[in-house]
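Reading the structure
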Amino acid sequence: AMNASAGTGVFVLSLMSIPISYFFNSLIYSNSLNKSSLCPSVVYGVHAFLSVVNLIIGLEQDSIIDGFVTFYLKEADPHINTAHGHMIAYWDGCVHYLMYLLMIAAITWGDSYRAIGLYWVGSFLTRVIVYILGNVVGKYGIHVGPLFLFHMLYISVSVWACFRVFSQPSTRDVQLLEDQRKSLVHRPLDLMFIIYLIPAMAFCIFRGLVVLDCSSKWCQEYTQQYEPYLKDPSAYPKIQMLVSMLYSVPYYIIALYGLLVPGCEWMPDLTLVHSGALAQAQFSHIGASLHTRTPFSYRVPAESQPVFLLVNVLYALVPQALCYRCAARPAFFLRPTPDKSE
């Protein structure tokens, strides 16, 4: 009879075959089509492979599989064994993995991968910023070792890939611009997004103040009752909230302007980057707040979990809806040409 370790071995090896076969097939195919597409294909192929490795790490950390990366988990930097480390392993192994396959497919078929690429840029950059800064300033800061240098190399290559995404031409179809003549009253969906952006901005600032040790009674009560994870000594939630306050608040102000004033061509691209960033951030934050690797005193209390989940899931999902609205119907954001405005 096959033991559990052998069974999971078969499962993981079959999983690894997906990025390997996909990568080599696209490598050969893109090489025969276009030399300039070879380099991005290689980068995303390697990233897809590393994503599966991350998924294996996450599964082994949670004892779902066994005997694959045990030595690595014992010898690696302790950051990977935190609740936040678990969450980014799962996000990278599932969501980023899917993005890499889609981008490789687009490169192989000669299509633009700008939209999925911009979403990945936002997701990847927020993951990297929070993880690297959290590693340095958190309670494991003194344990930064040689693997940290490998991680920096991986990030450097990924940043190059980010610039490649931005260099992709936009493939937006030019549509009729009747949307631009409509007042806000006749754009009820946009009005709802505008109404949402104001409390979202306030929530973002509020959580930023909480991690900065604001002495307000509201901040103290919120931390104790709803999000004690914000005070976790690993420092990831603190960095996450500070990054959100520094970047999301300006974004909300710019998005308000983009929804009110027609012709802001940058709006669809900006919402793609931000919604990718927020999806990753909220997945990691929600998961780590509830994960057993987080000390009990920093986990969300059971009686507060429904409110915590409602607020945080809404805060993650509404920007995805705004992103879809901007990408699916970009007419309002197109700059009118002189002949059409007459």
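Named according to an unreviewed UniProt entry, the protein chain is Transmembrane 6 superfamily member 1 originating from Myripristis murdjan. Its UniProt record gives the protein chain a comment under Sequence similarities (unreviewed entry), which states: "Belongs to the TM6SF family." Quoted verbatim from the Function (unreviewed entry) field of the UniProt record, the comment on the protein chain reads "May function as sterol isomerase."

Observations concerning the packing of helix α5 (residues 114-137) against helix α9 (residues 236-260)
Two elements in contact, α5 and α9, have axes whose closest approach is 8 Å; the angle formed by their N-to-C orientations is 135°. Here α5 is positioned oblique relative to α9, judged by the angle of their axes. Considering the relative orientation of α5 and α9, their crossing is right-handed. The segment α5 lies against α9, with Thr 126, Ile 129, Val 130, Tyr 131, Leu 133, Gly 134, Asn 135 and Val 137 engaging Tyr 236, Ile 239, Gln 240 and Val 243.

Remarks on unusual backbone geometry
At Asp 213, a position not held by glycine, the phi torsion is positive, near 60°. In this fold, Asp 213 is placed in the loop between α7 (188-211) and α8 (217-225). Phi at Ala 235 takes a positive value of approximately 75°, unusual for a residue other than glycine. What makes Ala 235 buried here is its relative accessible area of 9%.

Some details on the nonpolar core
Counting 46 residues, the largest nonpolar core has Tyr 44, Tyr 100, Tyr 113, Trp 120, Phe 124 and Val 165 as its most contacted members. Those elements that place two or more of their residues in this core are α2 (38-61), α4 (83-108), α5, α6 (146-166), α9 and α10 (267-290). Those residues within four positions of Tyr 44 in sequence are excluded, and the remaining contacts are Tyr 100, Met 103, Ile 104, Ile 107, Tyr 113, Trp 120, Ala 161 and Val 165. Listed in part, the 29 residues of the second largest apolar core include Met 201, Phe 203, Cys 219 and Val 318.

Some remarks on a nonpolar patch on the surface
A surface patch of nonpolar side chains, about 290 Å² in accessible area, is lined by Leu 290, Leu 309, Val 313 and Leu 317. It is helix α11 (residues 305-328) that provides the largest number of residues to the nonpolar patch, a total of 3 residues. Checked against the element boundaries, Leu 290 lands in helix α10.

What about empty space enclosed by the protein?
Per the counting criterion, the structure on display carries 1 cavity of 30 Å³ or more. The calculated volume of the largest cavity comes to roughly 40 Å³. What lines the largest cavity is His 84, Tyr 229, Tyr 236, Pro 237, Gln 240, Ser 284, His 285 and Ala 288. Those elements that provide at least two residues to the lining of the largest cavity are α9 and α10. Tallied by class, the residues present in the lining of the largest cavity amount to 4 nonpolar, 4 polar and no charged.

Regarding the environment of Thr 292
The residue Thr 292 is located in the loop between α10 and α11 in this model. Once the C-alpha coordinates of Thr 292 and Ala 83 are considered, the two residues, 209 residues apart in sequence, prove to be 7.5 Å apart.

Things to note about the state of the cysteines
Applying the stated rule across the entire model yields 0 disulfides. Free of any disulfide, Cys 214 has its nearest neighbouring cysteine sulfur in Cys 219, separated by 3.5 Å. Under the relative-accessibility criterion, Cys 214 is labelled partly exposed at 25%.

About the cut-offs
- Residues numbered from 1 in each chain as written.
- Predicted model: local features only at pLDDT ≥ 70, side-chain atom pairs only at ≥ 80, totals over all residues.
- Heavy atoms only, no water.
- UniProt positions renumbered as here; feature names shortened; annotations may be inferred.
- Axes fitted to C-alpha atoms, helices over the stretch in contact; angles between N-to-C directions.
- Helix = DSSP H or I, 4+ residues; strand = E, 2+ residues; numbered from the N terminus.
- Parallel < 35°, antiparallel > 145°, perpendicular 65-115°, else oblique.
- Left-handed = near helix turned anticlockwise from the far one by under 90°.
- Contact = heavy atoms within 4.5 Å.
- Buried < 20%, exposed > 50% of the residue type's maximum accessible area, 1.4 Å probe, protein only.
- Core = buried A, V, L, I, M, F, W, Y, C linked by side-chain atoms within 4.5 Å.
- Patch = residues over 30% accessible without salt bridge, like charges linked within 9 Å, V, L, I, M, F, W, Y side chains within 5 Å.
- Areas by Shrake-Rupley, 256 points an atom, 1.4 Å probe, with all protein chains shown as cover.
- Salt bridge = Lys/Arg side-chain N within 4 Å of Asp/Glu carboxyl O.
- 1 Å grid on protein atoms, 1.4 Å probe; cavity = no way out; pocket = protein on both sides within 12 Å on 5 of 7 lines; lining within 4 Å.
- Points joined across faces, edges and corners; volume = space filled by probe spheres on them.
- Nonpolar A, V, L, I, M, F, W, Y, C, P; charged D, E, K, R; others polar.
- Disulfide = S-S within 2.5 Å.

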